[in-house]
Amino acid sequence: MTIYPESIDTDLSRLLTDVQNGSMQLPEFQRDWVWDDDRIRGIIASLSQGYPIGAIMRLKYGNPEIQFKYRTITGVDGISVAPEYLILDGQQRLTSIYQAAFSKKPVYTKTDKGKSIKRYYYLSIEECLNDDIDCFDAVLSVPDDRKIKENFDRDVKLDISTREHEYENKLFPVNIVFDSGAILDWFMDYMKFYEGKPEAMSEIHLFQASVLNTISAYKLPVITLGKSTPREAVCKVFENVNTGGVPLTVFELVTATYATRDFNLRKDWIQCRDSICGFGNTLRTDLFDGIDETTFLTTVCLYTSYLNKRLGKTNAVSCKKKDVLNLPYKSYIANRDTVLTGFRIAKEFLLRDQCVFRQRDLPYTTQLIPLAAICAVLGRSKCNEPNTIKILSRWYWCGILGEMYGGANETRYAYDIEDVVDEVSGHPSLMRTIKSAVFSSTRLLTLQTRLSAAYKGVMALLYKEKCCDFMNNTTIDIVNSMLESPDIHHIFPEAYCVKKGIKREKYNSIINKTPILPATNRSIGGNAPSEYLKTILKKVNGLTENELQRRVESHFIDYTKLKVNDFNGCFISRAKSILNLIEKAMDKPITDRDAESTRTQFGESLM
C-alpha cells in the first residue's frame, strides 16, 4: 500500500495546547524524555530567532490494527483521555519546549554530567537585543528557587524570585511566552517598575516585536500519517526518523502492540533472557549472553511459522520483519516456553557436542535462531539421538565454515528449519545450506582474526579434538575452559617470524595459531620454537620430551619440524591437517587442495 502523509505548517502554540489537553500523546513504548539543560537552552535560543528545529511526525490514532497504548509526554499530569494523534518523531523537542515554555512547573532535567536538576528559564532582554551576543547566552537557566548561588551556596549571586527582581534584572520568564494574558500583566508591571521611562519602554517594545512575537508566531512542519497506515510502515517510519539515537526495534513495536492486552513483553523478555543465559545455574557460561530480545522474538516467529505451515494454516515458512511484527499475541504465549526449551537444548548441543563454550567462541549468533527453533520442533529426546546429532552437526559446521550467516538470513532460517527437520525425520530433504557450503583452501591464509566465523569454527574443531596445553596437559573442554580461559597464540611467535622475514600473511594466519593457556604463552614469549620447547621441558618437573611431543601434536603441529624451526614444513603440514578437520566436520571434500591457485599461494599442493 502506498502511504501519502499530510504535511502542514502548524502553530507551535497549537501543538503545545494539544500536548497539554492530551490530544497529542506518545506511544507507551517510546523512550523517556532525556534532554539536558544545555539542549533545552539551545532550543529556546533557536525559537527566539525563528531558526528551524525540524519537523514533527505523528500518527492519526484509531487504526484497530495498531492499537498502541499511549501516555502523555513528561510534565503533563491529570490527563486520562484517548489521543487524537501519537507522536512518532519530535518527542524530545516538544517535551523540552512544553516544559520550559508552556508549563508553569520547574523543568526536571540534568546537567551535561548527568546530575539531576530543577530549572526555570529566562530570556535576558538586553542580551537578546544585542547582536554581539550569541542567542544561546541570552537564555538563562536558574534553579527552581530562582536564585543563582556561589561560594558553595553561601552567597546569592542573582535573585529573581520575585517579579520586581525579574524587572530589575530585565529577565523575562520563558514559561509565559505563550500566555498572552500573563505577558500583558508582566509588561504592565514592568512599565510601572520603570515608571514609564522612554528608554525602558522602547527596549521592552523592541523585545516584544523581535523576540516574543517571533516565538508566538513560530510554526512547525507537521507530517501526519493517516489511520490506514499499516503497522510495517509505522515500524519503518520509527527506524528512519528516530533522531534521538538508537532506532526503535521490531521488539519495541511488538511490545507496544502486546501492551494493548495488558501484557508487558519487556518484563517477560527479562525472565526469558535469564532462562536462556542460565543465570543462577551452578555452572554457567556466557555462551548465550549475546542473544537479544529481537533474536528471541524472531526465533518464536520462525517456530510459529513452521508449525502453521505444517498444520496447513500457511503456505510458506517466514520470519522476516513483517512476520515478526504480525506475530499474534496468542502464538507468542503458546510457543514461548517451547522455544525456551529449544534454546536450552541448543546450548547443550554446542557445549557437549561442538566444543563451543563461550560467547567469544561463538561463530554466529544469527545461526542460533534456526538451531533453537529446530531443537524446539524436535524436542530433547530426538535431539539426543546419535543420528540427529550427526545431521545437526553437519548442518551447523557447513553453515559456519561455509560462512553462510553473515548477512540477511531470514530466508535461510526458513529453509533450514524445514530441511533439517525433514532430514532428521527421514523425509526427502533439500539440505540447502549443506549443499551450498564451500570452503576454499586459500581461505586459511585470510583467517587472521577471531572476527571471522570460520576462524572461530576452526578453533572449536581443535577443541573437539581435545588439544592439550603444552605445559599442564589441560584439555580444552567445557570445565577447564571456564576455570582458566585459553587464548589463541602464535606457534611460531610473531617477533621470531618478523626477525626471520616470514610474510605476515602466513605467520598471522590461523595455520600458525592455536589455543593455549597463559602460562604456556609466557614461556613461549618471542623465542624460536627450538628454544621455548627446551624452556617448557625445564619448567615442568617430570615432563618428558615424548609427552611434550604428544601434547604439541594434539594441536596437529608437526613436532619434529617445530623442534628444528622449520616454519614452512610446519605450515604446510598443519594446513593439510586443518583442511582434513574441516572436511570431516562438513562431511564433504575441499575441492581446491591441488588447484593452481592453492599451489601458487602455498608453494605446493595441500593434498
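Residues numbered from 1 in each chain as written. Predicted model: local features only at pLDDT ≥ 70, side-chain atom pairs only at ≥ 80, totals over all residues. Heavy atoms only, no water.

**Section: helix 19 (residues 453–464)**
Its 12 residues give helix 19 an end-to-end C-alpha distance of 16 Å, which sits within 8% of 16 Å, the value for a rise of 1.5 Å per residue. Counting buried residues in helix 19 gives 11 out of 12 residues, a clear majority hidden from the surface. Among the residues making up helix 19, those that are buried are A453, A454, Y455, K456, G457, V458, M459, A460, L461, L462 and Y463. Turning to helix 19, the residues buried within the fold contact helix 15 (386–401), strand 13 (487–490), strand 14 (513–516) and helix 27 (567–586). The N-terminus of helix 19 is capped by S452, whose side-chain oxygen sits 3.2 Å from the backbone nitrogen of A454. One or two steps after helix 19, the chain reaches K466, where phi turns positive at roughly 60°. (Helix = DSSP H or I, 4+ residues; strand = E, 2+ residues; numbered from the N terminus. Expected span 1.5 Å × (residues − 1). Buried < 20%, exposed > 50% of the residue type's maximum accessible area, 1.4 Å probe, protein only. Contact = heavy atoms within 4.5 Å. Polar contact = N/O pair within 3.5 Å; in protein donor to acceptor, adjacent residues only side chain to side chain.)

**Considerations on unusual backbone geometry**
In this structure, K170 is a non-glycine residue whose phi angle is positive, near 55°. Turning to its location among the elements, K170 is positioned in the loop between helix 5 (163–169) and strand 11 (171–173). One non-glycine residue with positive phi stands out, namely C355, at about 55°. In this structure, C355 sits in the loop between helix 13 (329–353) and helix 14 (368–383). Looking at C355, the relative accessible area reads 9%, which means it is buried.

**Re the side chain of Q448**
Relative to the elements of secondary structure, Q448 occurs in the loop between helix 18 (443–446) and helix 19. Of note is the side chain of Q448, whose polar atom sits 3.0 Å from the backbone oxygen of E505. Those residues in contact with Q448, other than ones at most four positions away along the chain, are Y455, R504, E505, N508, S509 and K513.

**Looking at the packing of helix 11 (residues 293–310) against helix 13**
Running from amino to carboxyl end, helix 11 crosses helix 13 at an angle of 110°, the nearest separation of the two axes being 9 Å. Relative to helix 13, the element helix 11 lies roughly perpendicular. Contact with helix 11, carried on its side by F296, L297, T299, V300, Y303, T304 and L307, involves S331, Y332, N335, R336, T338, V339, L340 and F343 of helix 13 and no other residues of that element. (Axes fitted to C-alpha atoms, helices over the stretch in contact; angles between N-to-C directions. Parallel < 35°, antiparallel > 145°, perpendicular 65-115°, else oblique.)

**Focus on the pairing of strand 14**
Neither face of strand 14 is open: one carries K513 and P515, the other T514 and I516, and all of them are buried. As defined by bridge partners, strand 13 adjoins strand 14 across four bridges and the pair is classed as antiparallel. Within the sheet, the bridge partner assigned to D487 lies in strand 14 and is I516. (Pairing = 2+ DSSP bridges.)

**Quick notes on the pattern of salt bridges**
Pairing of side chains with opposite charge becomes possible as their charged atoms draw close. Evaluation of the coordinates by the stated rule reveals 38 salt bridges. Between E203 and K170 there is a salt bridge, with the nearest N and O atoms lying 2.9 Å from each other. Here E203 is found in helix 7 (residues 198–216), whereas its partner K170 is found in the loop between helix 5 and strand 11, with 33 residues between them in sequence. Since its relative accessible area comes to 18%, E203 is described here as buried. Exposure remark for K170: the relative accessible area of 14% places this residue in the buried category. K322 serves as the salt-bridge partner of D323, at 3.5 Å between the closest nitrogen and oxygen. Judged by its relative accessible area of 18%, D323 falls in the buried class. (Salt bridge = Lys/Arg side-chain N within 4 Å of Asp/Glu carboxyl O.)

**Some remarks on the environment of I87**
Considering the arrangement of structural elements, one finds I87 in strand 5 (residues 85–89). Relative accessible area serves as the criterion here: at 0%, I87 is assigned to the buried category. Expressed as a C-alpha distance, the spacing of I87 and S554, which sit 467 residues apart in the sequence, is 62 Å. Ignoring sequence-local partners within four residues, the contact set of I87 consists of M24, Q25, L26, P27, Q30, M57, R58, I73 and L94.

**Quick look at the packing of helix 11 against helix 16 (residues 410–425)**
In the contact formed by helix 11 and helix 16, the axes pass within 10 Å of each other and the chain directions differ by 55°. Here helix 16 runs oblique to helix 11, going by the angle between their axes. Crossing of helix 11 against helix 16: the hand is right-handed. In contact with L302, Y306 and K309 of helix 11, helix 16 contributes Y413, A414, I417, E418 and V421. Broken down by class, the residue content of the contact of helix 11 with helix 16 amounts to six nonpolar, no polar and two charged. (Left-handed = near helix turned anticlockwise from the far one by under 90°. Nonpolar A, V, L, I, M, F, W, Y, C, P; charged D, E, K, R; others polar.)

**A look at the sheet that holds strand 1 (residues 6–11)**
In a beta sheet, neighbouring strands are held together by backbone hydrogen bonds and run either parallel or antiparallel to one another. With mixed pairing, six strands are arranged side by side in an open sheet as 1-12-3-5-2-4. Where the open sheet ends on each side, the last strands, each with one partner, are strand 1 and strand 4 (70–71). Of the pairings in the sheet, the one linking strand 3 (residues 56–60) to strand 5 comprises four bridges and is antiparallel in character. Considered in strand 5, the bridge of R58 is made with I87. Taken strand by strand, helix 1 (residues 12–21) contacts strand 1, strand 2 (24–27), strand 3 and strand 12 (219–225), and its axis lies near 95° from that of strand 1. In the packing of helix 3 (residues 91–101) onto the sheet, the strands contacted are strand 2, strand 3 and strand 5, and the crossing angle to strand 5 comes to about 115°.

**Description of the packing of aromatic side chains**
Applying the stated rule across the entire model yields 30 aromatic pairs. Measuring from ring centre to ring centre gives 5.0 Å for F193 and Y194, while their planes differ by 75°; the resulting arrangement is edge-to-face. Note on Y194: relative accessible area 14%, which makes it buried. Between Y396 and W397, the aromatic rings sit 5.3 Å apart at their centres with planes inclined by 75°, giving edge-to-face as the arrangement. Both residues of the pair, Y396 and W397, count as buried. (Phe/Tyr/Trp six-rings, centres within 6.5 Å; stacked < 30°, edge-to-face > 60°.)

**Thoughts on the state of the cysteines**
Taken as a whole and assessed by the stated rule, the structure comprises zero disulfides. Of all cysteine sulfurs, the one in C272 lies closest to C277, which takes part in no disulfide; the gap is 11 Å. Relative accessible area serves as the criterion here: at 2%, C277 is assigned to the buried category. Just so you know, C301 is unpaired, no disulfide at all, and the nearest cysteine sulfur is the one on C319, 5.9 Å from it. (Disulfide = S-S within 2.5 Å.)

**Quick look at the pairing of strand 12**
Pairing between strand 1 and strand 12: six bridges, direction antiparallel. Paired with T10 across the two strands is L220, which belongs to strand 12. Examined bridge by bridge, strand 3 and strand 12 share four bridges and lie parallel to one another. Of the residues in strand 12, the one forming a bridge with I56 is V222.

**With respect to the confidence of the model for the chain**
Detailed reading of the predicted coordinates is not advisable wherever pLDDT is low. Here the chain shows a mean pLDDT of 92. Residues at 70 or above account for 95%. Across the chain, the element-wise mean pLDDT spans from 54 in helix 20 (residues 478–483) up to 98 in helix 14. (pLDDT = per-residue confidence, 0-100.)

**Side note on the side chain of S509**
Inspection of the secondary structure puts S509 in the loop between helix 22 (504–507) and strand 14. Of note is the side chain of S509, whose polar atom sits 2.9 Å from the backbone oxygen of K506. In this view, S509 contacts L444, L445, L447, Q448, R504 and F571; residues no more than four positions away in its chain are not counted.

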